[in-house]
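Chain residues, written in single-letter form:
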Amino acid sequence: MIRFLKGLILLPIAIVVVLLAVANRQPVMLSFDPFTNGTPAFSLQMPLYALIFAAVALGVVVGGVGSWLGQGDTRRDRRAKGRELSRLRHEAERLRQAAPAPATIGRTALPAPVGRA
């Protein structure tokens, strides 16, 4: 069911992406030199769809890195809690092994219930 829904959503998106690439094949000049009009120092001729896809990919990467950096406190807390959990488990196991064997065989912990009249 999930596969079907994924296909139902991703197929139209893929069609739109292919149509965008086909409709925007003309080359554009990408220039990183804002001061020179004629022949910029660093420029690149590329199809418009490649520029759009590169911008989207760069946005995804920058957003992912920003999200990862923003979750640093959460990861640090989780590591600290994992270390504390491991330490407490080892301490509980050590205390179980050091505890004397129960001498209550044949005895009940609570007195027998008294019947009500």
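Please refer to the structure higher up on the page.
No experiment lies behind these values; they were computed from the predicted model shown.

*Asks:* What am I meant to see in the overall build of the protein here?
*Replies:* When its secondary structure is counted, the protein shows 3 helices and 2 strands. Overall, the protein shows an N-to-C arrangement of helices and strands of α-β-β-α-α. A compact globule built from 117 residues would reach a C-alpha radius of gyration of about 13 Å, whereas the protein, at 33 Å, exceeds it by more than 25%. Its C-alpha atoms put the protein at 105 × 40 × 25 Å along the principal axes. The 117 residues of the protein split such that 5% are buried. Looking at the protein as shown, the accessible area adds up to about 10,700 Å², and 67% of this sits on carbon and sulfur atoms. Of the side-chain charges in the protein, 15 are positive and 6 negative, and the distance between the mean point of each set is 11 Å.

*Asks:* Help me understand the pattern of salt bridges, please; the structure alone is not making it clear to me.
*Replies:* Where charged atoms from two side chains of opposite charge come close, those side chains can pair. All chains considered together, the criterion is met by 3 salt bridges. Among the ionic pairs, Arg-87 bridges to Glu-91, the shortest N-O distance being 3.6 Å. A residue pair is termed a helical-turn pair when its members lie 3 or 4 positions apart in one helix, as Arg-87 and Glu-91 do in helix α3 (residues 72–98) at 4 residues.

Definitions and limits used
Residues numbered from 1 in each chain as written. Predicted model: local features only at pLDDT ≥ 70, side-chain atom pairs only at ≥ 80, totals over all residues. Heavy atoms only, no water. Helix = DSSP H or I, 4+ residues; strand = E, 2+ residues; numbered from the N terminus. Rg over C-alpha atoms; globule rule 2.2 N^0.38 Å. Buried < 20%, exposed > 50% of the residue type's maximum accessible area, 1.4 Å probe, protein only. Areas by Shrake-Rupley, 256 points an atom, 1.4 Å probe, with all protein chains shown as cover. Lys, Arg positive; Asp, Glu negative; His and termini not counted. Charge placed at Lys NZ, Arg CZ, Asp CG, Glu CD. Salt bridge = Lys/Arg side-chain N within 4 Å of Asp/Glu carboxyl O.

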